[in-house]
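Structure at a glance
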Amino acid sequence: MKRVVFFVSLLVAVSLVLAGCGTAKAGNHLDAIKEAGVIKVGTSADYPPFESVDASGNKVGFDIELMTEIAKRLDVKLEWVDMPFDSLVAAVQEGKIDASISSFNYSEERDQTVDFSDAYYTSEDAFAVAETFTGSIVNPEDVAAFKVGVQTGTTQDGWLTDTLVAGGKLAEENLFRYDRVDQAMLDLKNGRIDVMMADYIPAQALVTQLGGLKIVYHGVLSTGPINIVIPEADAELKQAINEIIKQLQDEGFIDGLALKYFAQ
Amino acid sequence: MLSNFVSYILQGTAITVAVTLVALPAGLVVGLLLALVHTYGGRVANRLASAYSLLLRGVPPIVLLFILYFILSGDFINLSPFWAGSLSLGVVSSAYQMEILRGALLSIGGGQMTAARAVGMSRLQAIRYILLPQALRLAIPPWSNEASIVLKDSSLVYALGVPEILRRAQQLSATTQQPFLAYGTAALIYFVLVFAVNRGLDYLSERTKLPTHS
């Protein structure tokens, strides 16, 4: 037994050392991207209307079209890397991808390991319930009386955990964390959970698509500005992307996209 | 629209098969070497092989996958998610394949080694010409079990961003809101693949059976 413990700790130690070894790369990341002619951008294409796949498997959505335009203006080719949402920040941090666009809100936790571009859009939180729901949700804190569903690793997850669970209002066993927002919505429809907390726009899309659901509250609780995630202290890439976002806002390109995908 | 979706998931099949075709042989090479070392090597080699097997079989594959991924895809070695994921699966599988082959080698019995040595063969010759040919045949049925496990475990690489069958099914479930269709298609593809592998290996086992092992 002792030997096993020793070997396990050895393995853990070795992997930690190897994983920790110099994430700082020499040279300028932006120049490296331009030299390669390709920017690798991570996304989790299961979040319509921000990012999803269409019938032919092409990536579509607000974020997808926006990033395509940004890459075009950076004068590099865009290579999509699709992975589960909760792997994205780690992938940027480890340098597996150059940046990530996946409807990311700023959060202090994320800011400790990666950087954020300027905001390209502002999002709200929403609570969705079944149409047959009889409870009352006037204030956001009222959801603490129900079984609440949320997507793991999202800012909503953070808000529920920090504000309600840590505050002793919501019992941990009444918070149900899902890999993806559509799974949670299906469970909401099937009555396994009472309330679902999610980004307003995707929640609206799902409520319309699934039927039998409604949104009872929306407002800014955990969300707010949506940003592109870039590696920590990557000043050049950050500046380049920020300049393009500014241009696109000034030209009305982003408003046009919002109209196209969110009908607002 | 529907046929497009199904074909999108089907494209993931090639990736699932490719991951398995990297992981299984990689695991076989490492597993076979370790099994030989464990059975015929000295005490130190024996202990090391035991520790390796104990360690790798004692941790869930997905945990090892993440650890190995960060080693194989770090600054020193920088493999793509596909290669890092496939090789990691191979490492996980090597421990199980080692145990399968070790069992097969042991089932032949020590007397044959002694006999081979008595007629003047070296230990390596005895392993190469007498023991391995029998052991490999005996190992096919349990190995086909491992092959189907690796095939199914290949779905784990989706966590590293490799767009195989499961990841594609998830995306389609999110787009269409038809989880039953998406996952049902994925389940069917996995089943057909595993069925084909098992049947193929059964056939191989039948064809290569020795008259003495009826």
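Residues numbered from 1 in each chain as written. Chains lettered and ligands numbered in written order. Predicted model: local features only at pLDDT ≥ 70, side-chain atom pairs only at ≥ 80, totals over all residues.

**A word on the overall build of chain A**
A count of helical and extended segments in chain A gives ten helices and eleven strands. Across the 264 residues that make up chain A, the buried fraction comes to 39%. The long-range fraction of contacts in chain A, counting pairs at least 24 apart against all pairs at least 6 apart in sequence, stands at 76%. (Helix = DSSP H or I, 4+ residues; strand = E, 2+ residues; numbered from the N terminus. Buried ≥ 20, exposed ≤ 12 C-beta atoms within 10 Å, placed from the backbone. Contact = placed C-beta atoms within 7 Å.)

**Digging into the overall build of chain B**
Helices and strands together make up the secondary structure of chain B, namely eight helices and zero strands. Starting at the N terminus and walking to the C terminus, you meet the elements of chain B as α-α-α-α-α-α-α-α. The principal-axis extent of the C-alpha atoms belonging to chain B is close to 70 × 45 × 25 Å. In chain B, which comprises 214 residues, the proportion classed as buried is 38%. Intrachain contacts of chain B at a sequence separation of at least 6 include 75% that bridge at least 24 residues.

**Topic: the nonpolar core**
V92(A), A99(A), A128(A), V148(A), M196(A), V229(A) and L101(B) are the most contacted members of the largest nonpolar core, which totals 114 residues. Two domains each donate at least three residues to this core, and these are domain 1 (25–122 + 226–262) and domain 2 (123–223) of chain A. Residue contacts for V92(A): discarding those within four places in its chain leaves G42(A), I97(A), A99(A), S100(A), V114(A), V229(A), I230(A) and P231(A). (Core = buried A, V, L, I, M, F, W, Y, C linked by C-beta atoms within 7 Å. Domains from an automatic or database assignment.)

**Overview of the pairing of strand 11 (residues 213–231) of chain A**
Residue and element names in this part refer to chain A. Bridge count between strand 5 (residues 99–105) and strand 11: three bridges; the pairing is antiparallel. Residue pairing for strand 11: S100 is matched across the bridge by V229. Relative to strand 11, strand 6 (residues 114–116) is paired through three bridges, and the arrangement is antiparallel. When the sheet's bridge partners are listed, F116 is paired in strand 11 with V229. One ladder, built from nine bridges, connects strand 7 (residues 121–130) with strand 11; its direction is antiparallel. Looking at the pairing, A130 lines up with L213 of strand 11. (Pairing = 2+ DSSP bridges.)

**Focus on the confidence of the model for chain B**
Close reading of the predicted structure is inappropriate where its pLDDT is low. Here chain B shows a mean pLDDT of 90. Residues at 70 or above account for 97%. With a pTM of 0.76, the predicted complex shows an ipTM of 0.70. (pLDDT = per-residue confidence, 0-100.)

**Topic: the domain arrangement of chain A**
Residue and element names in this part refer to chain A. Here the domain parsing of chain A yields domain 1 (25–122 + 226–262) and domain 2 (123–223). Each of domain 1 and domain 2 was reduced to a C-alpha centroid, and the two centroids are 26 Å apart. Each partner contributes to the interface: domain 1 provides 16 residues, whereas domain 2 provides 15 residues. Elements with a minimum of two residues in the side of domain 1 that touches domain 2: helix 4 (85–93), strand 5 and strand 7. Looking at the side of domain 1 that touches domain 2 residue by residue, the class counts come to nine nonpolar, four polar and three charged. (Nonpolar A, V, L, I, M, F, W, Y, C, P; charged D, E, K, R; others polar.)

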